[in-house]
Amino acid sequence: MFFVNFPSAKQYFSQFQDMEDPEEMERSSQLRHHARRVMNAINTVVENLNDPEKVSSVLALVGKAHAVKHKVEPMYFKILSGVMLEVFSEDFPEFFTAEAQVVWSKLMAAVYWHVTGAYTDVGWLQVSSSAV
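Since the model is a prediction, treat every value here as computed from it, not as a measurement.

Cut-offs applied
Residues numbered from 1 in each chain as written. Predicted model: local features only at pLDDT ≥ 70, side-chain atom pairs only at ≥ 80, totals over all residues. Heavy atoms only, no water. 1 Å grid on protein atoms, 1.4 Å probe; cavity = no way out; pocket = protein on both sides within 12 Å on 5 of 7 lines; lining within 4 Å. Points joined across faces, edges and corners; volume = space filled by probe spheres on them. Helix = DSSP H or I, 4+ residues; strand = E, 2+ residues; numbered from the N terminus. Nonpolar A, V, L, I, M, F, W, Y, C, P; charged D, E, K, R; others polar. Core = buried A, V, L, I, M, F, W, Y, C linked by side-chain atoms within 4.5 Å. Buried < 20%, exposed > 50% of the residue type's maximum accessible area, 1.4 Å probe, protein only. Contact = heavy atoms within 4.5 Å.

Student: Quick question: what am I supposed to make of the layout of surface pockets here?
Tutor: The computed volume of the largest pocket comes to approximately 1500 Å³. Sorting the residues of the lining of the largest pocket by element identifies α1 (2-5), α2 (22-27), α3 (29-47), α4 (52-69), α5 (75-91) and α6 (98-121) as the ones contributing at least two each. When residues of the lining of the largest pocket are assigned to their parent elements, the largest contribution, 14 residues, is made by α3. Grouping the constituent residues of the lining of the largest pocket by class yields 33 nonpolar, eight polar and seven charged.

Student: Just checking my understanding: could you explain the nonpolar core for this structure?
Tutor: A general trend in soluble globular proteins is that nonpolar side chains are found buried together. Residues Phe-2, Phe-3, Phe-16, Val-45, Leu-59, Val-115 and Tyr-119 are the most contacted members of the largest nonpolar core, which totals 23 residues. Mapped by element, the contributors of at least two residues to this core are α1, α3, α4, α5 and α6. For Phe-3, the residues in contact, after removing those within four places along its chain, are Ala-9, Lys-10, Phe-13, Phe-16, Met-25 and Leu-31. Ranked by size, the runner-up nonpolar core spans seven residues in total, among them Met-84, Phe-88, Ala-100 and Met-108.

Spelled out as structure tokens, the structure:
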């Protein structure tokens, strides 16, 4: 859904940037691997909510890698957060109640804040308040 609705995000993934067919993207082992890494990072954040230093450390690593190594525009983290919340709502409506939506929205906002903070720390100047 993310790459279908925001195809410009594919530019950061040489393995599947030329794929147009959503079913082909869904079958891509590289895309599945990256999706697992994203969800594992979020899982680590959730499991360590009682340890703010661990959360900050994990998200700083994610942010720095995406800023320095991958040069991903930070707006894509905001977009991905929204897409994830939409997918959770559509695919798990019995679990993703109004209360759960509020909590997850706050979590994803915190993730975005930490990640973009890491961008700022490494001198990325394109982060703007309009992206928030």
